[in-house]
Amino acid sequence: MCGRYATTASTSDLVAAFDAALAEDDASKIANPSYNVAPTTTVPVILERASRTDPDSHEDSEPEVVRQLRALRWGLVPSWAKDPGIGSRMINARSETLTEKPSFKAAAARRRCILPAAGFFEWTKDPDGEKLPYFMHDPDSAILGFAGLYELWPDPGKAKDDPDRWLWTTTVITRPATDALGHIHDRTPVIVTPDLRDDWLDCTSGKPSVARDLLDSLPEPHLVPYRVSTDVNSVRNNRSDLIEPL
């Protein structure tokens, strides 16, 4: 699973790297950098949505699809969920089954996204049972793009015209790890290569099979792991040295 990661690029760097526009009112919600991102916290996400129709326009035209940088809560809450607390158990989606499971199928077809990251953490145990953290990163790329899904959950306790009625949430897609990372953990986030980011974010087809084909075409990441301080074990710690090698 991917249960902790780091996102260190500034908002302006993310806008430039992904050719995105910062969503209105989301600037203050994005806490960058964050060196110890934990589930249920707010994270930066890249996605594409149709822009709102101009009420003064009389043209019968299709709304423009805009690539946006938004702030979403990590832990996907399906639109049909009765309780948003389910999100804490849905921080990851397995690539092998996400186009079949009801929790992810609709999002895989229509709501794909990318979570920018500098890298992620995984743990092994020493002979005494102590958890030893490693940071997985790409030395040739400062900003990775985790493949993700997002959902909008309507809060039944809020009026339909309440701007805070919709809860935006996201999940990280994972796959089996078979390269040098496999000895640390058996799964790794799916990383969208720069040449396939446009295809991954384009959900105009509305077909789960498109997501399936894209996942099958994405190469396995070749990341470098190194030991980091056990201070990262506590979510209360969030400092730049947490991603520095010992």
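Residues numbered from 1 in each chain as written. Predicted model: local features only at pLDDT ≥ 70, side-chain atom pairs only at ≥ 80, totals over all residues. Heavy atoms only, no water.

Peer 1: Give a detailed account of the nonpolar core, specifying residues and quantitative values.
Peer 2: In this structure, Leu98, Leu149, Ile173 and Trp200 are the most contacted members of the largest nonpolar core, which totals 33 residues. Counting residues per element, the ones that place at least two in this core are β5 (65-74), α2 (105-110), β10 (144-154), α3 (197-201) and α4 (208-217). For Leu98, the residues in contact, after removing those within four places along its chain, are Ala93, Phe104, Lys105, Ala108, Leu149, Ile173, Arg212 and Leu215. Among the nonpolar cores identified, the runner-up in size contains 24 residues, and Leu115, Met136, Leu144 and Val172 belong to it. (Core = buried A, V, L, I, M, F, W, Y, C linked by side-chain atoms within 4.5 Å. Buried < 20%, exposed > 50% of the residue type's maximum accessible area, 1.4 Å probe, protein only. Helix = DSSP H or I, 4+ residues; strand = E, 2+ residues; numbered from the N terminus. Contact = heavy atoms within 4.5 Å.)

Peer 1: Describe the packing of aromatic side chains, naming the residues involved and giving the relevant values.
Peer 2: Taken as a whole and judged by the stated rule, the model has seven aromatic pairs. For the ring pair Tyr5 and Phe146, a centre distance of 5.5 Å and an interplane angle of 70° mean the geometry is edge-to-face. On the criterion of sequence distance, the pair formed by Tyr5 in strand β1 (residues 5-7) and Phe146 in strand β10 is long-range, its members being 141 residues apart. Since its relative accessible area comes to 0%, Tyr5 is described here as buried. Look at Phe121 and Trp123: their rings are 6.4 Å apart centre to centre, the planes differ by 40°, and that puts the pair in the tilted class. By relative accessible area, Trp123 is classed as buried at 18%. By the ring-pair criterion, three or more aromatic residues cluster together here, those being Tyr5, Trp74, Phe120 and Phe146. The aromatic ring of Trp168 is capped on one face by Arg70, whose charged end is 4.2 Å from the ring centroid. Over the ring of Trp123 we find Lys131, and its NZ or CZ is 5.3 Å from the ring centre. (Phe/Tyr/Trp six-rings, centres within 6.5 Å; stacked < 30°, edge-to-face > 60°. Lys NZ or Arg CZ within 6 Å of the ring centre and 35° of its normal.)

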